[in-house]
Amino acid sequence: MAVGASADGLAGGAATADAGLGALAPESLMVRYVEGDPAAFDALYACTAPRLFGYLLRLTRDRARAEDLLQVTFSKIHRARASYLRGAPVLPWMLAIARRSFLDERRAAKVRTEHLSDDGSLPEPRAEPEAVGADLSEALDRALLDLPVSYREAIELTKINGLSVAEAAEVLGTTGTAVKLRVFRGYEILRKQLARFRRFSE
Amino acid sequence: MTQPDDLLERAEWPGGVEPPAALSAAIRGECAAGLGKGRRCLTATQRLVRSLAIGAVTIGALVLVGGGMRPGGLAGAGLAGLAGWMSVVGIVLVVGLWAPVGHRASRWGRFALLGVLPASFAVYLMLIADEWIPLASFGAEHQARAADCGLHAIVISAFLTAAMMLVWRRTDPFSPGLSGALVGLAGGLVGALAVGAVCPTHDAWHLLLSHGTLVALLSAAGWLVGRRALAP
């Protein structure tokens, strides 16, 4: 279930959490969580977990791995909570931890695994997605998943999660110029994919 | 970047995805455990002040324990140099670790500090040296003194770097290696200054080998240690 598509207002997803805390900025919630307030953690989780899970899901393209990584990410956040720099932006901090968890996991799985079919052969390449009848947003979703990782990550952080170019550059460990370039090239590919989708659907 | 009839503008972008309820419950259970004992959350400024205080106290303690200041004292140019380099250490920590994400200096800027500062410090040591023994005449006695001084400087710099790493522990998921190198650079500079304050030898080779090389060495060590110590 997709929630909170807008890049502004992180607290939008905090409906399940305490109503008073849900109105607080994630930075304030983080401080209260560090000071030992479990309700603040609930509110913080409610507003950040969907974003982190969506990010990990699109990064891994595998639901089970994304779920494992979300748990690992929150474990790390919990262990490192006292080292959070009071007042610093929370979402880039969490996204960077999630990304490092993903990279660590990928490094640990030294051998790349492929799922074999019943007869032991390698799976067939993924079929082209059915374009006709699907709506534009679904097409965009699929096109995003087909983007090269570096482009997808840059778009994910800036366009979907609302980070500034400088923040995204820190999370990705690169320069602002590189992030802008990746976003630009990613957009170009997405536009081509969507134009193809429109031709199919007309 | 927007084009006429831009499909990207018309499409609804994907947003967050709600994790499964069972997973959320497990994470909430894990993270709520032990929350009773609340912790203090320091600001970046408080950590910066602690780092600088560690450096200043170490220099002060070394001057006291080490039997006073170097011959000629810290007055005048020596004191100005010490104050100047402590300011540089402050700038390194501000640029490398204090500035919030999105407002830090670029990666290239921080890399440049790692190249420029050890070289500048070596030049500074050459300028304050008042003796220049040719390398061929750098005999066993000089070597022993240089090794002794270098060992003290390494131990003190390593202690300072470790203490600063502890202050900034787990604070940087973005570029922990680079930040660790900057902490090592800061620790190396303070250690070299601290030992330099009480060092009785003013020879250029001695200063370069025992005090100068240490800064680059600690930066490299900081890079390796920081990758683990500074990442959450």
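The shown structure was predicted, so the numbers you read here are calculated from the model rather than taken from an experiment.

1. Re the interface of chain A and chain B
Listed by partner, the interface residues are 68 residues for chain A and 56 residues for chain B. Area buried by chain A at its contact with chain B is led by Leu85, Glu170 and Arg191 of chain A, which between them contribute 13% of it. Counting across the interface, chain A meets chain B through three salt bridges. Summed over the shared surface of chain A and chain B, the result is 13 residue pairs in polar contact (both at pLDDT 80 or more). Among the elements that take part in the side of chain A that touches chain B, helix α3 (residues 38–60) of chain A stands out by supplying twelve residues, more than any other.

2. Remarks on the pattern of salt bridges
All names here are of chain A. Applying the stated criterion across every chain, the model contains 13 salt bridges over all chains. Taking the shortest distance from any N to any O, the salt bridge between Asp104 and Lys76 comes out at 3.3 Å. Within this pair, whereas Asp104 is found in helix α5 (residues 90–108), its partner Lys76 is found in helix α4 (residues 63–79), the two being separated by 28 residues in sequence. On the basis of relative accessible area, Lys76 is assigned to the buried category, the value being 14%.

3. Brief notes about the nonpolar core
Phe74 and Leu190 of chain A are the most contacted members of the largest nonpolar core, which has 118 residues in total. In terms of domain composition, this core takes at least three residues from each of domain 1 (12–110) and domain 2 (133–202) of chain A. Setting aside anything within four residues of it in sequence, one finds Leu190 of chain A in contact with Leu140, Ala143, Leu144, Leu147 and Ile155 of chain A together with Leu8 and Trp13 of chain B.

4. Some points on the environment of Ala39 of chain A
All names here are of chain A. You can see Ala39 is positioned in helix α3. A relative accessible area of 29% places Ala39 in the partly exposed class. A sequence separation of 18 residues divides Ala39 from Leu21, and the C-alpha atoms of the two residues are 7.7 Å apart.

5. Observations regarding α3 of chain A
Residue and element names in this part refer to chain A. At Thr48, α3 shows its strongest bend, of approximately 40°, with the proline Pro50 following within four residues. Most of α3 is tucked away, with 20 of its 23 residues classed as buried. Here α3 starts with a cap whose side-chain oxygen sits 3.0 Å from the backbone nitrogen of Ala39, and that cap is Asp37.

6. Examining the packing of α4 of chain A against helix α2 (residues 21–32) of chain B
Where α4 of chain A contacts α2 of chain B, the axes come no closer than 10 Å and their chain directions differ by 15°. Taken together, the axes of α4 of chain A and α2 of chain B lie roughly parallel to each other. Considering only the axes of α4 of chain A and α2 of chain B, their crossing is right-handed. The residues of α2 of chain B that touch α4 of chain A, namely those facing Glu67, Leu70, Gln71, Phe74, Ser75 and His78 of chain A, are Leu23, Ala26, Ile27, Glu30 and Cys31 of chain B. Broken down by class, the residue content of the contact of α4 of chain A with α2 of chain B amounts to six nonpolar, three polar and two charged.

7. Some points on the packing of helix α2 (residues 26–34) of chain A against α3 of chain A
All names here are of chain A. Two numbers describe how α2 lies on α3: the axes approach to 8 Å, and their chain directions differ by 140°. Relative to α3, the crossing made by α2 is left-handed. Residue-level inspection shows Pro26, Leu29, Met30, Arg32 and Tyr33 of α2 in contact with α3, the latter providing Ala40, Phe41, Ala43, Leu44 and Cys47.

8. Quick look at the packing of aromatic side chains
All names here are of chain B. Scanning the entire structure with this criterion turns up eleven aromatic pairs over all chains. Pairing Trp108 with Phe111 gives two aromatic rings, centres 5.9 Å apart and planes at 40°, and the pair type is tilted. With Trp108 and Phe111 both in helix α5 (residues 107–128) and three residues apart, the pair spans about one turn of that helix. A relative accessible area of 61% places Trp108 in the exposed class.

9. As for unusual backbone geometry
Leave glycine aside and you will find that most residues have negative phi; peptide bonds, for their part, are mostly trans. Positive phi, close to 60°, is recorded for Arg61 of chain A, a residue that is not glycine. Residue position: Arg61 of chain A is located in the loop between α3 and α4. The phi dihedral of Arg170 of chain B is positive, around 60°, even though this residue is not glycine. Tracing the sequence through the fold places Arg170 of chain B in the loop between α6 (140–167) and α7 (176–198). The partly exposed category is assigned to Arg170 of chain B, whose relative accessible area is 26%.

10. Topic: the side chain of Thr174 of chain A
On the secondary structure map, Thr174 of chain A appears in the loop between α8 (165–172) and α9 (176–201). Judged by relative accessible area, which is 14%, Thr174 of chain A ranks as buried.

11. A closer look at the environment of Trp85 of chain B
Residue and element names in this part refer to chain B. Take Trp85: it is sitting in helix α4 (residues 77–98). Between the C-alpha atom of Trp85 and that of Val190, which follows or precedes it by 105 residues, the distance is 8.1 Å. Ignoring sequence-local partners within four residues, the contact set of Trp85 consists of Leu117, Ser120, Phe121, Tyr124, Leu189 and Leu193.

12. Some details on the environment of Leu52 of chain B
Residue and element names in this part refer to chain B. Note that Leu52 resides in helix α3 (residues 44–65). On the basis of relative accessible area, Leu52 is assigned to the partly exposed category, the value being 26%. Sequence separation between Leu52 and Val190 is 138 residues; the distance between their C-alpha atoms is 9.3 Å. Discounting residues that sit within four places of it in the chain, Leu52 has contacts with Met86, Val89, Gly90 and Leu93.

Conventions we followed
Sequence order sets the numbering: in each chain, residues are counted from 1 along the sequence as written. The naming scheme follows written order: chains are lettered A onward, ligands numbered 1 onward. Only residues with pLDDT of 70 or above have their local features reported here, since the model is predicted, and side-chain atom pairs are shown and tallied only from 80 upward, although totals for entire chains, interfaces and linings are computed over all residues. Hydrogens and water are ignored here; the side-chain numbers use all heavy atoms of the structure. We call two residues contacting when some pair of their heavy atoms lies within 4.5 Å. Here's the idea: put two parts together, see how much 1.4 Å probe accessible area each one loses, and the total over both is what we call buried area. One speaks of a salt bridge when a side-chain nitrogen belonging to Lys or Arg is within 4 Å of a carboxyl oxygen belonging to Asp or Glu. Pairs of N or O atoms are called polar contacts if they sit within 3.5 Å, as long as, within protein, a hydrogen donor faces a hydrogen acceptor (for residues adjacent in sequence, only side-chain-to-side-chain pairs). Secondary structure counts use DSSP, requiring at least four H or I residues in a row for a helix and at least two E residues in a row for a strand, with both numbered from the N terminus. The buried label goes to any residue with under 20% of its type's maximum accessible area, the exposed label to any with over 50%, and the partly exposed label to all in between, with areas taken from a 1.4 Å probe on protein chains only. Among the buried residues, those of types Ala, Val, Leu, Ile, Met, Phe, Trp, Tyr and Cys that are joined through side-chain atoms within 4.5 Å form a nonpolar core. The start and end points of each domain follow an automatic or database-based domain assignment. Bend angle per residue: angle between axes fitted to the 7 residues ending at that residue and the 7 residues starting there. All axes here are fitted lines through C-alpha atoms, helices being fitted over the stretch that makes contact, and every angle between N-to-C directions spans 0 to 180 degrees. The cut-offs work like this: below 35 degrees is roughly parallel, past 145 is roughly antiparallel, 65 to 115 is roughly perpendicular, and the gaps in between are oblique. Crossing handedness follows the turn of the near helix against the far one: under a right angle anticlockwise gives a left-handed crossing, and clockwise gives a right-handed one. Classification used: nonpolar for Ala, Val, Leu, Ile, Met, Phe, Trp, Tyr, Cys and Pro, charged for Asp, Glu, Lys and Arg, polar for all others including Gly. Aromatic contacts are taken between Phe, Tyr and Trp rings whose centres are within 6.5 Å, Trp giving its six-membered ring; a plane angle under 30 degrees counts as stacked, one over 60 as edge-to-face, and the others as tilted.

It is worth stressing that arrangement in space is one thing and function is another; only the former is reported here.
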